[in-house]
Amino acid sequence: MGVQIGGGQKTFMSEINVTPFVDVMLVLLIIFMVTAPMMTQGLEVDLPQTRTVSVLPTDSEHLVLTIKADGGIFLDTYQVTMADLQDHVKRLVADQKKTLFLRADKSVAYGVVVQVMGVVKAAGIDRLGVVAEEEKKETAAPKTRKP
């Protein structure tokens with residue numbers, strides 16, 4: 001509490017000083033802005049490239065199913081087997097009405113990807129998003145003059 005001096009009377013201030021509160025909020029905002037991109041990276045997968053790519057949503061209402069190059073299947077960051085995949089997808093995605101996205105390494109056999117998609121369909125998922133990277137634009141080499 002502060003004391004207000006002036007006019008000959010000493011009275012207490014009744015207003016709340018919000019400056020420290022604003023300072024703390026700005027520091028927290030900066031911390032979240034710096035750490036948020038680091039939290040969404042997940043597992044290392046070499047994704048196929050395409051021309052039109054949408055950004056993967058950052059809300060908590062979705063899960064990502066990843067198939068790595070070595071054949072490992074991960075639901076977010078937790079490894080699951082093909083035998084247990086249907087139960088996990090049904091419990092974590094279908095029952096909670098979340099969206100499921102599929103990330104598969106480009107070296108994974110097409111048959112494995114189709115098999116995983118069949119298991120996901122059998123678990124009750126009608127809509128499945130597929131994740132890809134944007135094509136890298138090749139830059140032309142600078143032209144050199146011949147003397």
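Residues numbered from 1 in each chain as written. Predicted model: local features only at pLDDT ≥ 70, side-chain atom pairs only at ≥ 80, totals over all residues. Heavy atoms only, no water.

Q: Would you mind going over the pattern of salt bridges with me for this structure?
A: Think of it this way: side chains of opposite charge can pair up when their charged atoms draw near. For the coordinates displayed, the defined rule picks out two salt bridges. In this structure, Asp-95 and Lys-90 form a salt bridge, with 3.7 Å as the shortest nitrogen-oxygen distance. Residues Asp-126 and Lys-121 are paired through a salt bridge, measuring 3.6 Å at the closest nitrogen-oxygen approach. Both residues of the pair, Asp-126 and Lys-121, belong to the exposed class. (Salt bridge = Lys/Arg side-chain N within 4 Å of Asp/Glu carboxyl O. Buried < 20%, exposed > 50% of the residue type's maximum accessible area, 1.4 Å probe, protein only.)

Q: Got a minute to help me understand the sheet that holds strand β4 (residues 62–67) in this structure?
A: The pairing of strands in a sheet happens through backbone hydrogen bonds and is either parallel or antiparallel. Read across the open sheet, the five strands follow the order β6-β5-β4-β7-β8; overall the sheet is mixed. A single partner strand is all that each edge strand has here, and the edge strands are β6 (78–80) and β8 (128–130). On average, each strand axis in the sheet is inclined to that of its neighbour by 30°, with strand direction left out of account. Bridging between β4 and strand β5 (residues 73–75) involves three bridges; their strand directions are antiparallel. By the bridge assignment for β5, Leu-65 is matched with Leu-75. (Pairing = 2+ DSSP bridges. Helix = DSSP H or I, 4+ residues; strand = E, 2+ residues; numbered from the N terminus. Axes fitted to C-alpha atoms, helices over the stretch in contact; angles between N-to-C directions.)

Q: Please explain helix α2 (residues 82–94) as it appears in this structure.
A: For α2, with 13 residues, the first-to-last C-alpha span of 17 Å sits near the 18 Å given by 1.5 Å per residue. At His-88, α2 shows its largest kink, close to 30°. Within α2, burial applies to Leu-85, Val-89 and Val-93. Each element contacted by the buried residues of α2 is listed here: β4, β5, β6, β7 (99–104) and α3 (110–122). (Expected span 1.5 Å × (residues − 1). Bend = angle between axes of the 7 residues up to and from the residue. Contact = heavy atoms within 4.5 Å.)

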